[in-house]
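Fold and geometry: a report
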Amino acid sequence: MASEEASLRALENLMTEFFHSCTTNERKREIEELLNNFVQQTGAWRHCLFFLSNTRNEYVMMYSLTVFENLVNKMWIGLASQDKMEIRSCLPKLLLAQHKSVPYFIRNKLCKVIVDIGRQDWPMFYHDFFTNTLQLIQTPALAPLGLVMLKTTSEELACPREDLCVARKDELRKLLLEQVPTVLGLLTGILETYWDKHSVIASTPPPSPTSRESVELLGSLFQGSQYSKLLCQPMAALDNDSHQLCCLVLECLAHLFSWIPLSTNITPTLLASIFHFARFGCDLRTKAKTGPLISSSSNGQLNPGTVPMANGEGRNGQQGEVNKVDRARLGVLAMTCVNELVSKNCVPMDFEEYLLRMFQQTFFLLQRLTRENNAHTVKSRLQELDESYLEKFTDFLRLFVSVHLRRIESSPQFPIVEFLGLLFKYTFNQPTHDGYFACLDIWSVFLDFLTTKIKSRLPDRESVLNRYKDALVLLLREVLNRIQFRYNQAQLEELDDETLDDDQQTEWQRYLRQSLEVVAKVMELLPSHAFSTLFPVLQENLDVYLGLRQFIVTTSSSRRLNITAENDCRRLHCSLRDLSSLLQAVGRLAEHFIGEVFAARFADALAVVERLVEVTCYGSQTSLYDLETAVPSVLKPDLIDVHAQALAALQAYSHWLAQFYSEVHGQNQSQFINLITSAVDASSPLITTKVPEKLLLSACHLTVSITSTVRPVFMVTLPAVQNIFNLITTENHTHRLPQEAHIFVCRALSNMLLLPWPNLPESEQQWQSRSSSHANLLAALTRQYRILRETVNITQRQPGLDNVKAVIQQTLPVLRDIVDSISSESTKSRQICYQSLQESVQVSLNLFPVFIQQPDVTDEMLAFFLTLFQALRVQMGVAFTGQIIHTFLSMFTREQLAASILQEGSAGCRVVQKFLKILQVVVQEPGQAFKPFLPSILSLCMEQVYPVVAERSSPDVKAEMFELLYQILHQNWRYFFKTSVLTSVQRGAAEDTMENEAQFTAAMQAFGQSFLQPDIHIFKQNLSCLESLNSKHKLYSRKLFRTSMLFHFINVLLQVLLHKSHDLLQEEITLAIYNMASVDFNAFYSVFMPEFLNGCHGVDTNQRAVLARNFKLEQDLPSFTQSVQRLVNDLRYYRLCNSSLPTGTIKL
């Protein structure tokens, strides 16, 4: 005994030293080693039992419990049965003796250890495990402890970790499900008892002027519902002990509901009790009625597991009522229970009525949340509520609308329109932006549901729409008001418009985008109404903007806006911000004016486009972006933004303009010509270096859209367009546009000359003159670049090298963009493009060897060649393409490739990626033209690139290399397998004539090797490649694969599942194993499985036999998947058990 006392003191000192701030890491490692050695001793648990009974040191308690946890979870199977019995007897006694005196986290840990024992031994060796828990719950003084045990049991036994075999997991689940009715009955009883007990003594408030109104509202919501008295009952005034107990009950229920199926075990009484407590979240009771507020627990913890005050029973008169925060916590927990139930999509028929009942009860709460009275507006009420409660309530509404609305909507007992009215009030009175966003998401889901419903029920479309029309009209108006400073300035000014989130948008942009998505969805359902709501508001703000002309004062040195009063500037700022938002809204609606509805909505769309053209022309003519203003930091960005948004909105209507063009073809086109001419006149003056870049880019985008989507024949002849031609083709470095804008303008000019004109036959396309114009354009754009041909022999030390690099990096992105923009166009467009580019391509090829050591330049060149190969390889012809490939293959030596690949993330690495992408395009080309290159491409792939990347992560290069390998195999299958159609018909696919077998085997080994590495993306890509080769070419059935590789691949994939290294891909791996096994199930079951199990280390002969017996000889995918999962789980379990047995243990 004395030695144990000494050990305890020594351990206490060690633990205190370990956690002391002055202890060095080296000393901590020494202590850790000492403690680990102690755990390894046989019978260490006996010492720990003594420590637990005799210490008050929390560190020692926690350490001792960890020793027990390790013993139960890792060594239990090898422990003597006498020792197990002693532990099963001692630990519960210890818990009963000390649960009130130890901190809650020690108590919870001790509960978990006891539950872990139950997980191993109940019911065979620990038959009273669950009944003990139920008895604790039924003993008033011990009920909190029983509930902690119950919750831990639910957590650890219902969804156990992998340290149990599948049979045991199934047994535990079955045992727990048998206990569910009893457990739910007990928990319902506790909730009912405490509610009734505290409701009786709660002081009844005098009737308030709003209570009558409340009952009337509810009466109209659910006529004669048996729950209509729910809100009129007085609230229970819980004391601390009761509050703690009810919290624990609700926590238990929330976890139980997460795994038990919906059934009639969840009784109406239980649901009603949960909803009683959900009311705690939505009642504003800031003052206690029965005495002073006290802390929620004896040790100041707001933890659900804290120890309740002793002898709390029957002291309601003296003990203080719980405070507002704790009351809200009850509401949050109750709503968590409700949400667990509502999140289940699989609803049995006999539970649907309960579901309806739940929704009725929740909407009583929603009505309570959104009820106004003299003391509170809805907004102030929601502001005073607990934030977590509101989040839970919003989660409930989202689950209801997304999962169950389709079930409930048509029920006569559910007033859907009234519900939408309540949801409307709830949405537009949210106290936070995040709460408002979450509610907008709910409306989006509802609008999607409604759109789908209407599309599937076209005959009664009108009646469905009429039912919801009022709600949609209100929603549209309110969402539009919410994005306008005119109505919502205080809130909108709180939004951050500078910091970008993960989606590269600011808080303001996100707010606007989500709002406009709702507007667009309403527009789809009520097009004419939405338009007639939005357009007048737009007109109103446009009038302010267009009226600014009269305030412009021009002097010899400047132009300024003569609006200086602070109030006027603020009003102008708000109006301009609103106009910018409304222009975005109008642009977002463009898609609802095209296609089948073009003619029906033509007048509305024409009005919009004419107005947009007018605004953009006005902005460009008056150069509002260039004005001096009284508040330049605010008004100048506003004026630029409005102008840019007007151009962007007009660009959104380019598809409408294209349809307009085709409709008026052969008729009077004056209206259309005027629109296009004005649009070009609006954008062309902005294409200059003097304009802010935001405006310049908007003008460029509009020009590109008109040239690529609308393609007017006359556009190239417009004076404004000629001016742009002159600007771009004249050499003047001082006036060169920023690179991005320059690329866009060049694309627009090229589009005008290359893209076929709509509505015209081939004979009227004027290809000849357009071809020569395009050649002139590109000659002007590449003048500097083509001169570089003479500089092929420059040395890299010459001072002119930087200038040469600058020319290359300015010119090639422009050419690449021009080629990319016509890649999906007609042959004629691509032919003309290549003719214009021919000389520049040749120059690029000549320059390539010069810059092979300059990865940044090589990267730009290969990006250009990659685009050429993707878009113009036919036009380049076989001979020239061959010359290019030959040049590349000879330049990329093994040393060159290795040096580049080793610099991960560098320009050199990107060069190798692009080179491999070019080869992917080459090997995919049909026909025999490029087949001679296959051996050298394969050799480069397997002998030069693969050895460098095989043992390194190099994810980017690896991904491209394996994609190239896959394309070689897929597109050139006959290079390896010469099977003729006749042979396959006569003999079946068994007799394959193999060629280049060594290269095929090397490729397969590379794929197999990648499955042994940690990179999950490469693993997924390569598994998908193998599956694709199997579905397209019967890879797994090929003789070579079947006889020498199949079992190796299955073995590797099973090992990956066993090691849990790529758990995210479990389904894909199991499917691949099934597809490989299904080639020959007999061989898989009779040859592979015995071999695999015999090769498994860490299991004995009997365990192997059990594993083999449990792997059912099924040939369907679901059964096979189940067998694989069981094999993996049980094999891991057996290894865990065996590794924890003491040496010399005899296994029976």
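Residues numbered from 1 in each chain as written. Predicted model: local features only at pLDDT ≥ 70, side-chain atom pairs only at ≥ 80, totals over all residues. Heavy atoms only, no water.

- The name given to the protein chain in an unreviewed UniProt entry is Exportin 6, with the source organism recorded as Kryptolebias marmoratus.
- Listed in UniProt under the heading Sequence similarities (unreviewed entry), the comment for the protein chain reads: "Belongs to the exportin family." (UniProt positions renumbered as here; feature names shortened; annotations may be inferred.)

**Some details on the overall build of the protein chain**
- Within the protein chain, the secondary structure is distributed over 49 helices and 2 strands.
- Looking at the 1148 residues of the protein chain, the share that counts as buried comes to 55%.
- Long-range contacts, defined as pairs at least 24 residues apart, comprise 76% of the intrachain contacts of the protein chain with a sequence gap of at least 6.
- Per element, the accessible surface of the protein chain, about 50600 Å² overall, is 52% carbon and sulfur. (Helix = DSSP H or I, 4+ residues; strand = E, 2+ residues; numbered from the N terminus. Buried < 20%, exposed > 50% of the residue type's maximum accessible area, 1.4 Å probe, protein only. Contact = heavy atoms within 4.5 Å. Areas by Shrake-Rupley, 256 points an atom, 1.4 Å probe, with all protein chains shown as cover.)

**Concerning the packing of aromatic side chains**
- One pass over the full model with this rule turns up 74 aromatic pairs.
- Taken together, a centroid distance of 5.1 Å and an interplanar angle of 15° make the contact between Phe531 and Phe535 stacked. Taken together, the residues Phe531 and Phe535, both in helix 22 (residues 527–546) and 4 residues apart, mark about one turn of the helix.
- Residue classification places Phe535 among the buried positions, given a relative accessible area of 12%.
- Measuring from centroid to centroid gives 5.7 Å for Phe660 and Phe672, while their planes differ by 90°, and the two rings are edge-to-face. With Phe660 in helix 26 (residues 654–663) and Phe672 in helix 27 (residues 670–683), this residue pair connects regions lying 12 residues apart in the sequence. The burial state of Phe660 is the same as that of Phe672; both residues are buried.
- By way of ring pairs, the aromatic residues Phe1047, Tyr1074, Phe1081, Phe1084, Tyr1085, Phe1088, Phe1092, Phe1111 and Phe1120 are connected into one cluster.
- Here the basic side chain of Arg770 rests over the ring of Trp757, its NZ or CZ set 3.9 Å away from the ring centre. (Phe/Tyr/Trp six-rings, centres within 6.5 Å; stacked < 30°, edge-to-face > 60°. Lys NZ or Arg CZ within 6 Å of the ring centre and 35° of its normal.)

**Some remarks on helix 2 (residues 25–40)**
- Taking 1.5 Å per residue as the helical rise, helix 2 with its 16 residues ought to reach 22 Å, and the 23 Å between its terminal C-alpha atoms agrees with that figure.
- Where helix 2 is concerned, the buried positions are Ile31, Leu35, Phe38 and Val39. Buried residues along helix 2 cover an arc of 100° about the axis, so they all sit on one side. More than 90 degrees from the buried face of helix 2, the exposed residues found are Asn25, Glu26, Arg29, Glu33 and Gln40. (Expected span 1.5 Å × (residues − 1). Arc of directions from axis to C-beta.)

**With respect to the nonpolar core**
- Among the nonpolar cores identified, the biggest contains 397 residues, and Leu253, Phe419, Phe446 and Trp656 are the most heavily contacted of them.
- Apart from residues no more than four positions distant in its own chain, Trp656 is found in contact with Phe593, Ile594, Phe598, Phe602, Ala605, Leu606, Val609 and Leu675. (Core = buried A, V, L, I, M, F, W, Y, C linked by side-chain atoms within 4.5 Å.)

**Looking at the packing of helix 45 (residues 1046–1059) against helix 49 (residues 1117–1139)**
- As a packed pair, helix 45 and helix 49 sit with axes 9 Å apart at the nearest point and diverge in direction by 60°. If you check the angle between helix 45 and helix 49, you find them oblique. As helix 45 runs across helix 49, the sense of the crossing is right-handed. Along its contact with helix 45, which presents Leu1054, Leu1057, Leu1058 and His1059, the element helix 49 presents Val1124, Leu1127, Val1128, Leu1131, Arg1132 and Arg1135. (Axes fitted to C-alpha atoms, helices over the stretch in contact; angles between N-to-C directions. Parallel < 35°, antiparallel > 145°, perpendicular 65-115°, else oblique. Left-handed = near helix turned anticlockwise from the far one by under 90°.)

**Examining unusual backbone geometry**
- Of note, the amide linkage connecting Trp122 to Pro123 takes the cis form, showing an omega dihedral of 0°.
- By secondary structure assignment, the location of Pro123 is in the loop between helix 6 (104–121) and helix 7 (129–138).
- With a phi angle near 60°, Gln504 is a residue other than glycine that sits in the positive phi range.
- You can see Gln504 is positioned in the loop between helix 20 (485–492) and helix 21 (507–525).
- Positive phi values are uncommon outside glycine, yet Arg711 reaches one of about 55°.
- Following the sequence through the fold, Arg711 ends up in the loop between helix 28 (693–710) and helix 29 (719–729).

**Digging into the pattern of salt bridges**
- Evaluated as defined, the whole model comprises 40 salt bridges.
- A salt bridge links Glu517 to Arg588; the nearest nitrogen and oxygen atoms lie 2.8 Å apart. You can see Glu517 sitting in helix 21 and its partner Arg588 sitting in helix 23 (residues 566–588), a full 71 residues away along the chain.
- Arg588 gets classed as partly exposed once you look at its relative accessible area, which sits at 24%.
- With a closest N to O distance of 3.4 Å, Lys805 and Asp856 form a salt bridge. Highlighted residues: Lys805 in helix 33 (residues 801–821) and Asp856 in helix 35 (residues 855–876), separated in sequence by 51 residues.
- Each of Glu69, Lys109, Lys112, Asp116 and Arg119 takes part in one network of salt bridges that share partners. (Salt bridge = Lys/Arg side-chain N within 4 Å of Asp/Glu carboxyl O.)

**Considerations on the environment of Thr887**
- Take Thr887: it is sitting in helix 36 (residues 878–891).
- Sequence spacing of Thr887 and Phe848 is 39 residues, and the spatial spacing of their C-alpha atoms is 8.7 Å.
- Of the polar contacts made by the side chain of Thr887, one reaches the backbone oxygen of Gln883; its length is 2.7 Å. (Polar contact = N/O pair within 3.5 Å; in protein donor to acceptor, adjacent residues only side chain to side chain.)

**Description of the packing of helix 37 (residues 894–902) against helix 39 (residues 934–949)**
- Look at helix 37 against helix 39: their axes get within 9 Å of each other, and the N-to-C directions meet at 35°. For the pair helix 37 and helix 39, the sense of crossing is right-handed. Contact with helix 37, carried on its side by Arg894, Leu897, Ala898, Ile901 and Leu902, involves Leu940, Glu943, Gln944, Val945, Pro947, Val948 and Val949 of helix 39 and no other residues of that element.
- Looking at the contact of helix 37 with helix 39, its residues break down into 9 nonpolar, 1 polar and 2 charged. (Nonpolar A, V, L, I, M, F, W, Y, C, P; charged D, E, K, R; others polar.)

**Side note on the side chain of Gln514**
- Topologically, Gln514 is positioned in helix 21.
- Within polar-contact distance, the side chain of Gln514 engages the side chain of Asp441 at 3.1 Å.
- Ignoring any residue separated from it by four or fewer positions in sequence, one finds Gln514 in contact with Phe437, Leu440 and Asp441.

**Here we look at the environment of Trp656**
- Mapped onto the elements of the fold, Trp656 is located in helix 26.
- Taking relative accessible area as the criterion, Trp656 reaches 0% and is therefore assigned buried.
- The spatial distance from the C-alpha of Trp656 to the C-alpha of Phe593 is 7.0 Å, given a sequence separation of 63 residues.

**Considering helix 17 (residues 416–427)**
- Here helix 17 is 12 residues long and its end C-alpha atoms lie 16 Å apart, about the 16 Å a rise of 1.5 Å per residue gives.
- Taken together, the buried positions of helix 17 are occupied by Ile416, Phe419, Leu420, Leu422, Leu423, Phe424, Tyr426 and Thr427.

**Some remarks on the confidence of the model for the protein chain**
- The predicted model of the protein chain has a mean per-residue pLDDT of 85, with 90% of residues at 70 or higher.
- Across residues 286–319 the pLDDT falls below 50, and counting only partners more than four positions away or on other chains, this stretch makes 71 contacts in the model.
- When the criterion is pLDDT under 50, residues 1144–1148 qualifies, and its contacts beyond four places in sequence or with other chains add up to 3 contacts. (pLDDT = per-residue confidence, 0-100.)

**Points about the environment of Lys174**
- In this structure, Lys174 sits in helix 9 (residues 166–201).
- Looking at Lys174, the relative accessible area reads 58%, which means it is exposed.

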